[in-house]
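# Remarks on the overall topology
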Amino acid sequence: MNIRHDAHVIGQGRRKVLMLHGWFGHARGWGAMVQHLDTDAFSYAFMDYRGYGHRRGSGGPYTIEQIAHDALALADQLGWERFALVGHSMGGSAIQYVLAEAPQRVQALVGITPVPAGGVPFDPEGWAFFSAAAQDPATRRAIIDLTTGRRLTGTWLDAMVRSSLAHSDVEAFAAYLTAWAKTAFVERIQGQTVPVLVIPGEHDPALGEATCRATWMQHYPQARLEVMANAGHYPMDETPIALVTAMERFLREAVAA
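Attention in this report is confined to the structure presented alongside it.

What counts, and where the lines are drawn
Residues numbered from 1 in each chain as written. Predicted model: local features only at pLDDT ≥ 70, side-chain atom pairs only at ≥ 80, totals over all residues. Heavy atoms only, no water. Helix = DSSP H or I, 4+ residues; strand = E, 2+ residues; numbered from the N terminus. Rg over C-alpha atoms; globule rule 2.2 N^0.38 Å. Buried < 20%, exposed > 50% of the residue type's maximum accessible area, 1.4 Å probe, protein only. Areas by Shrake-Rupley, 256 points an atom, 1.4 Å probe, with all protein chains shown as cover. Lys, Arg positive; Asp, Glu negative; His and termini not counted. Charge placed at Lys NZ, Arg CZ, Asp CG, Glu CD. Core = buried A, V, L, I, M, F, W, Y, C linked by side-chain atoms within 4.5 Å. Contact = heavy atoms within 4.5 Å. Polar contact = N/O pair within 3.5 Å; in protein donor to acceptor, adjacent residues only side chain to side chain. Phe/Tyr/Trp six-rings, centres within 6.5 Å; stacked < 30°, edge-to-face > 60°. Salt bridge = Lys/Arg side-chain N within 4 Å of Asp/Glu carboxyl O. Pairing = 2+ DSSP bridges.

## Describing the overall build of the protein chain
Helix and strand content of the protein chain: 11 helices and 8 strands. Radius of gyration (C-alpha) of the protein chain: 17 Å, near the 18 Å computed for a compact globule of 257 residues. Principal axes of the C-alpha set define a box for the protein chain whose edges measure 45 × 35 × 35 Å. Here the protein chain, with 257 residues, has 56% of them falling under the buried criterion. In the form shown here, the protein chain has an accessible surface area of approximately 10,100 Å², with 50% of it arising from carbon and sulfur atoms. If you average the places of the 21 positive and of the 25 negative side-chain charges in the protein chain, the two averages end up 5 Å apart.

Rendered as structure tokens:
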């Protein structure tokens, strides 16, 4: 494994996959799923967004558009002309923006508990709650607990909060809330026929099956939806082997070696 363009690159396979993390994540924050990836069949590049991970202190802009442009720049530096994209949560919006910007380069999309291309609506109370997370670790913990169904150990919740605080700039974390919640570009991905797999978590109350059916499955009528049992918003931690199995099974079909 090696580091390029602040990305973590794993594998020597002919199928190329860009991995775009969520709001609470970072390039090295994909949990136990990483150890189960097939590195003979696939090459995976895990990218940090501006203000996250190895790019802390980089400055913005902290936008979905910029994430997409940085992802395309990373693919160029890796020499990947065509590739698949996997996006978790906020990364689900970003992978679709890459598709909108460069459809000829995208072989497939996998959205894991993903934000749709229309953004995420909030009422005033919900917006205030999520906005407080940038400055308040307790709010970060409450959000992670909420989005995993209030069913997981406090030890894991605390570790997730520590990781988020250690691997993101407060300024970037705050700005990306607006980016993933309020960036809407549905019209730019209408009519795309790229293979798409959508993986909502069974216990995710916000970006679960109902939301994915009302958004992703309407935007991509040919998409496949596979609910991840016994998982909330973080199946890479909650059900890592099942997640990798579903993801790579789809990508083997969708992306020729």
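## Re the nonpolar core
Counting residues in each nonpolar core, the largest one holds 92 residues, and the members touching the most others are Trp23, Tyr176, Trp180 and Leu251. Ranked by the residues each element gives to this core, the list is headed by helix H1 (residues 64–78), at 8 residues. Apart from the residues within four sequence positions on either side, Trp23 is in contact with Tyr52, Met90, Phe130, Ala133, Ile143, Phe173, Tyr176, Leu177 and Trp180.

## Structural notes on the side chain of Asp48
Within the element layout of this structure, Asp48 appears in the loop between strand E4 (42–47) and H1. With a relative accessible area of 0%, Asp48 lands in the buried category. Only 3.0 Å separates the side chain of Asp48 from the backbone nitrogen of His54, close enough to count as a polar contact.

## Observations concerning the packing of aromatic side chains
With the rule as written, the count across this model stands at 20 aromatic pairs. On the numbers, 5.3 Å between centres and 75° between planes, the contact of Phe24 with Phe173 is edge-to-face. Linking Phe24 in the loop between strand E3 (15–20) and E4 with Phe173 in helix H6 (residues 170–182), this pair joins segments that are 149 residues apart in sequence. Overall, the relative accessible area of 6% leaves Phe24 in the buried class. On the basis of relative accessibility, which here comes to 0%, the residue Phe173 falls in the buried class. Considering the side-chain rings of Trp156 and Tyr234, the 5.9 Å spacing of their centres and the 65° angle between planes classify their relative orientation as edge-to-face. Residue Trp156 is located in helix H5 (residues 154–166), and its partner Tyr234 is located in the loop between strand E8 (224–225) and helix H10 (235–238); the two are separated by 78 residues in the primary sequence. Taken as a pair, Trp156 and Tyr234 share a single burial class, namely buried.

## With respect to the pattern of salt bridges
Taken as a whole, this structure holds 13 salt bridges when the rule is applied. Between Arg50 and Asp70 there is a salt bridge, with its nearest N and O atoms 2.8 Å apart. Remark: Asp70 occurs in helix H1 and Arg50 occurs in the loop between E4 and H1; sequence separation between them is 20 residues. Residue Arg50 is classed as partly exposed on the basis of its relative accessible area of 21%. Note that Arg224 is salt-bridged to Glu253, the shortest N-O span being 2.9 Å.

## Observations concerning the pairing of strand E5 (residues 83–88)
E5 sits mainly inside the fold: 6 of its 6 residues count as buried. Covered by surrounding structure in E5 are Phe83, Leu85 and Gly87 together with Ala84, Val86 and His88, the residues of both alternating faces. Here 6 bridges tie E5 to strand E6 (residues 106–112), and the two strands are oriented parallel to one another. Note that in E6 the partner of Leu85 across the bridge is Leu109.

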